[in-house]
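Here is what each chain is made of, one letter per residue.
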Amino acid sequence: MMKQYDVLLIGEALVDFVPEEGCIPGRFRAVIGGAPNNVACGLGKLGIKTALLARVGRDAMGTGIMRTVESCGVDTQYIQIDRKRPTTVTIVMPESADMLRYAIYRSESADSALDFEEIPDEIFDHTRILHYGSLAAAAGQSKKTMEKSIERAKGSGVITSLDVNLRPNSWMSEEIMIQECRRLVEVSDIVKMTKDEAKTLKIEPERLARSKKKVVIVTDGGNTATIWADDCKVSKKPDEIEVVDVTGGGDSFMSAFLYYYVTYKGRMSADNFYRSAIDFAVYASSISVQRFGAIESLPVLEEIEQNRR
């Protein structure tokens, strides 16, 4: 019998090479990354039943990804192993704007070849939420796999969740990126984006939430985060903190929100739920950015609860 999952994640799992001295050339530190992968690990560390649909190479980096994800409590049995293509790598660009911070080398990589035929069809009947980012839509076969997965999930009544996560350097053109990302927004029940991403996609968050009955989340770094949903609007500004590394901030926010959604949605009034959810997610993100790394910085449940007291 197939396991039941709270959240199923689909998308990139890769290795980030981070310059240790803040410049290129120089020494690099290799860390496991990829936004859906990070969110999966964040959920696993929070105790949520989670599985990851991704594809890695049959190489040392792919093995490192598998070990790291499994150590966070994520089910790795659906991660595909590609015998021909290498694991995707990313170079983190120092002193760059968020959307231009990553140079992703994924042409002919395992990540671009995620195969829908290798995904058990019944898994979409055994999850509450399917979460993904936009990056998979920039790669041929993975794009088709994600589209089929979303369609199959929606056919089973699964809640679809998108973290827009724009990476312009990974697309053929900005026009194609905007077109594909707006299409993903249309098919998603939960949509998270930054203030800059909303501007790039020409989306009015409140209008989108009201007209399409979606949960729309907009973050803005260390400034106020806002959720529009169920005719509610709630906002939360993070406390003043000393930021060490912003790498895991957005993914920590997303994993914390999804944790709260599957744990408490429907157990309180809509207004109280979203106020508590954004409070929880902002605290989680604040903890993450005070530490180095992405997955390493993601907090466990006890840390978030202690900081909220």
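Residues numbered from 1 in each chain as written. Predicted model: local features only at pLDDT ≥ 70, side-chain atom pairs only at ≥ 80, totals over all residues. Heavy atoms only, no water.

**What about the sheet that holds strand S8 (residues 102-105)?**
Sheets are built from strands paired through backbone hydrogen bonds, the pairs being either parallel or antiparallel. Taken together, the four strands give an open sheet; going across it, the order is S3-S2-S7-S8, and neighbouring strands pair in mixed fashion. The two strands at the open ends of the sheet, each matched to only one other strand, are strand S3 (28-33) and S8. Across the sheet, the axes of successive neighbouring strands diverge by a mean angle of 25°, strand direction being ignored. Relative to S8, strand S7 (residues 89-92) runs antiparallel, the two sharing four bridges. Of the residues in S8, the one forming a bridge with Thr90 is Ile104. Its contacts with the sheet put helix H2 (residues 60-71) on strand S2 (14-19), S3 and S7, and the angle it makes with S2 is roughly 100°. (Pairing = 2+ DSSP bridges. Helix = DSSP H or I, 4+ residues; strand = E, 2+ residues; numbered from the N terminus. Axes fitted to C-alpha atoms, helices over the stretch in contact; angles between N-to-C directions. Contact = heavy atoms within 4.5 Å.)

**Details of the packing of helix H3 (residues 140-155) against helix H4 (residues 174-187)**
Between H3 and H4, the least distance of the axes is 11 Å, while the angle of their chain directions is 15°. In this view, H3 runs roughly parallel relative to H4, as classed from their interaxial angle. The two elements H3 and H4 cross, and the hand of that crossing is left-handed. Contact residues: H3 offers Lys143, Met146, Glu147, Ile150 and Lys154, while H4 offers Glu180, Arg183, Leu184 and Val187. (Parallel < 35°, antiparallel > 145°, perpendicular 65-115°, else oblique. Left-handed = near helix turned anticlockwise from the far one by under 90°.)

**Brief notes about the sheet that holds strand S13 (residues 225-229)**
With mixed pairing, the eight strands of this open sheet are ordered in space as S4-S1-S9-S10-S11-S12-S13-S14. Strands with a single pairing partner mark the edges of an open sheet, and in this sheet they are strand S4 (50-53) and strand S14 (232-236). Ignoring strand direction, the axes of neighbouring strands in this sheet form an average angle of 15°. Strands strand S11 (190-194), strand S12 (215-219) and S13 of the sheet are contacted by helix H6 (residues 205-212), whose axis makes an angle of about 170° with S12.

**Considerations on the packing of helix H7 (residues 249-264) against helix H8 (residues 270-288)**
One can describe the packing of H7 onto H8 by two numbers: an axis separation of 8 Å at closest approach and a directional angle of 145°. In the crossing of H7 with H8, the sense of the turn from one axis to the other is right-handed. Residues Gly249, Ser252, Phe253, Ala256, Phe257, Tyr259, Tyr260, Tyr261 and Tyr264 of H7 pack against Phe273, Tyr274, Ser276, Ala277, Ile278, Phe280, Ala281, Val282, Ala284, Ser285 and Ser288 of H8. Residues belonging to the contact of H7 with H8 are distributed by class as follows: 15 nonpolar, five polar and no charged. (Nonpolar A, V, L, I, M, F, W, Y, C, P; charged D, E, K, R; others polar.)

**Some details on unusual backbone geometry**
In this structure, Asn165 takes a positive phi of about 50° despite not being glycine. Mapped onto the elements of the fold, Asn165 is located in the loop between strand S10 (159-163) and H4. Its identity as a non-glycine residue notwithstanding, Asp231 has a phi of 65°, on the positive side. Considering the arrangement of structural elements, one finds Asp231 in the loop between S13 and S14.

**Quick word on the pattern of salt bridges**
If the charged atoms of two oppositely charged side chains come close together, the side chains can form a pair. Under the defined criterion, the tally for this structure stands at 22 salt bridges. Two residues, Arg85 and Asp82, come together in a salt bridge whose shortest N-O distance is 2.8 Å. Among the charged side chains, a network of salt bridges with common partners joins Arg55, Asp82, Arg85 and Glu118. (Salt bridge = Lys/Arg side-chain N within 4 Å of Asp/Glu carboxyl O.)

As far as function goes, none of this settles anything; it's purely spatial.
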